[in-house]
Each structure stands twice: as C-alpha cells, then as structure tokens.
Amino acid sequence: MDVDALSSQLTGLPIPQIQYHPVIGSTNDAALRWANEGAVDGCLVAADQQTHGRGRLGRQWITRPGSALAFSLIFRPTPAEQERISLFSGLGALAISQALEETLHLAPEIKWPNDILIDRRKAAGVLVEAAWQGEQIQGLVIGIGVNVAEDAVPSASELMFPATSVETHTGQMVDRWKLLHSILRALFHWRSQITEQTFYQAWERRLAFKGEWVQIEGAASPKQGEPLTGLVSGIDKTGNLILQTGPAKTVLVSAGDVHLRAVS
Ligand code: BTN
C-alpha cells in the first residue's frame, strides 16, 4: 500500500488529504500533530504498523504489520458538534459495527463506550482525542484499530480482555482496505446524524450486555472503592450509559476513565 493506492481505494469519500505510513509510532499522535499544524476537516492518517499505538486508559495497542487497520481521522467539529464531543467515540464504534455487519455479515456488539466485540471478544477499539487551543477544542482525532487477521490478536498475557480478529469469524481473508472504506463511509454518514434519534437508536441496538448485569470500575459508586453494579438498560442523549442499580433506581455513567465488565 502507498498513499496513491490508498487514495484511489478511498475514492468518493470526503477526505481532502491522506498520510500513509508503513511504520509509525501512533496514528493518533501524527493526526494530533497534523491538526495542530492546520489539517482540514476529514484528513486521514493510516499506517500498516504502529510501534507505540495507544488505547484507552493509557493502555498499549499493538498493531503488527499486514494484519490490522490502524487509522485516525481528523474532524474540525462544528459548534453543534462541540456540544456533543462525548458522542464521537460511540460514532466510531457504530461505524465499525455497521461496516462489519454490512460488508462481512458479522454480528458485532458495542461494549460501551467504544469496544467492538464479536462473539463477546474484542475485535476493535476507538480512541478519541482532542487537539486544544487554549480552552477551545480545535480538532478531534478519531483513532480506530481493528484486528483484521488472527496475527493481529495480542497474546493472552498482553491482554486485559479476551480478543479476537475479524477473519476468525469470517473464516476467509478480508480485504483491509475495502473494510477501511466501509468504516469511513459509515463514519461520515452517522456524523451527519449525530444529533438525531436514529443515531442513538442505531448505537443502542448494538449495545453489548443490554439487560445483563455488569460492573463498572472507576465510576462514582455508593460503596466507596467498590465497582458500581447494575443492569445495562441503554444510552442517553449525551452518550452516558444508563445503568439500573435497583428496582426504581437508575444511574448515568459517563465514559471518562471507566471500565465495564460482565458479572459472571
Ligand atoms: C482501545 O480499545 O483502548 C482503543 C484502541 C484504539 C487504537 C487505535 S489504532 C489507531 C489509533 N492510533 C493509536 O495509537 N490508537 C488508535
């Protein structure tokens, strides 16, 4: 792959400029730098391999060559979007899910806030970061990593949560770049609907553990220091998780530094 081949692969999408790196530290770092240097809305940084890929909560994200998708899209949020920054990780997760469903006929679920599960194992993740200018967000970077081939899945000792790859479930080789096209198409589509009911419905419809008991670590809990336990009941309009913690009691959990796991 090179930048010209990638540009023709992504024809028809509103992407004004592309950077392609065979090896890079982190596409999110490159995109944040580019945003600070003036990249316009829709610019894309993609890489075959990352040496310092980052995940949520400061975790490492491993991207081996030839086996994964690792890319970061730069948005210049409009004033209306700036009020909904918390929805952009859900936007990334929804786009990945829809692309996996429509192009590969898989049945992914979104583990709130932004992990993509196939068969309850993590196949992809989203890391949204902001480029600040003083108090103002002047750019958003939506970083997406997808384990496409089995080789992309880190060893069990490197993992916090069981992982899988897309090809494990398709049983055949997947064209990474076609998948990238589908994810980006879905991203631009849902971005234009981020204030609409259809967006929340589409996100909620794919929510993993809906109606199941989960524990949330890192959220304010009535029992100090203990995880919050409840039934997953949905997502509100700001992307908070609605957790039913008692017969008539619901708690809203915001994404922040929280970690959700199923109660076994
Ligand atoms: C997570 O699940 O914790 C989020 C993982 C996000 C990984 C992607 S890969 C492309 C982009 N560059 C990074 O360094 N991270 C994101």
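Rules used in this analysis
- Residues numbered from 1 in each chain as written.
- Predicted model: local features only at pLDDT ≥ 70, side-chain atom pairs only at ≥ 80, totals over all residues.
- Heavy atoms only, no water.
- Near = heavy atom within 4 Å.
- Polar contact = N/O pair within 3.5 Å; in protein donor to acceptor, adjacent residues only side chain to side chain.
- Areas by Shrake-Rupley, 256 points an atom, 1.4 Å probe, with all protein chains shown as cover.
- Helix = DSSP H or I, 4+ residues; strand = E, 2+ residues; numbered from the N terminus.
- Nonpolar A, V, L, I, M, F, W, Y, C, P; charged D, E, K, R; others polar.
- 1 Å grid on protein atoms, 1.4 Å probe; cavity = no way out; pocket = protein on both sides within 12 Å on 5 of 7 lines; lining within 4 Å.
- Points joined across faces, edges and corners; volume = space filled by probe spheres on them.
- Buried < 20%, exposed > 50% of the residue type's maximum accessible area, 1.4 Å probe, protein only.
- Contact = heavy atoms within 4.5 Å.
- Arc of directions from axis to C-beta.

Here's the deal with the site of the ligand
Alright, step 1. In the vicinity of the ligand lie 19 residues, with Ser-26, Gln-50, Arg-54, Arg-56 and Lys-122 positioned nearest.
Alright, step 2. In this structure, an oxygen atom belonging to the ligand sits 2.5 Å away from a side-chain N or O atom of Lys-122.
Alright, step 3. Burial of the ligand by the surrounding chains reaches 98%, relative to a free accessible area of 410 Å².
Alright, step 4. For the shell around the ligand, the secondary-structure elements that each account for two or more residues are helix H2 (27–36), strand E3 (68–75), strand E6 (121–133) and strand E7 (136–147).
Alright, step 5. Ranked by the residues each element gives to the shell around the ligand, the list is headed by E6, at four residues.
Alright, step 6. Tallied by class, residues from the shell around the ligand come to five nonpolar, ten polar and four charged.

Some thoughts on the layout of surface pockets
Where empty space is left becomes clear once a probe the size of a water molecule has been rolled over the atoms.
Alright, step 1. In this model, the largest pocket occupies a volume close to 590 Å³.
Alright, step 2. Contributing to the lining of the largest pocket are 35 residues, with Gly-55, Arg-59, Gln-60, Trp-61 and Lys-122 lying nearest its centre.
Alright, step 3. Every element with two or more residues in the lining of the largest pocket is listed here: H2, E3, E6, E7 and strand E12 (259–262).
Alright, step 4. For the lining of the largest pocket, the class distribution of residues is 16 nonpolar, twelve polar and seven charged.

Here's the deal with H2
Alright, step 1. Of all ten residues in H2, seven are buried, a share of seventy percent or more.
Alright, step 2. Of the positions making up H2, those classed as buried are Thr-27, Asn-28, Ala-30, Ala-31, Leu-32, Trp-34 and Ala-35.
Alright, step 3. Buried-residue contacts for H2 involve strand E1 (18–24), strand E2 (44–50), E3, E6 and E7.
Alright, step 4. The N-cap residue of H2 is Ser-26: its side-chain oxygen and the backbone nitrogen of Asn-28 are 3.1 Å apart.

Observations concerning helix H7 (residues 197–205)
Alright, step 1. Along H7, the positions that sit buried rather than exposed are Phe-199, Tyr-200, Ala-202 and Trp-203. Down the axis, H7 shows its buried residues gathered within 165 degrees of arc, on one side only.
Alright, step 2. Taken together, the buried residues of H7 touch helix H4 (88–104), strand E4 (109–111), helix H6 (176–191) and strand E9 (228–235).

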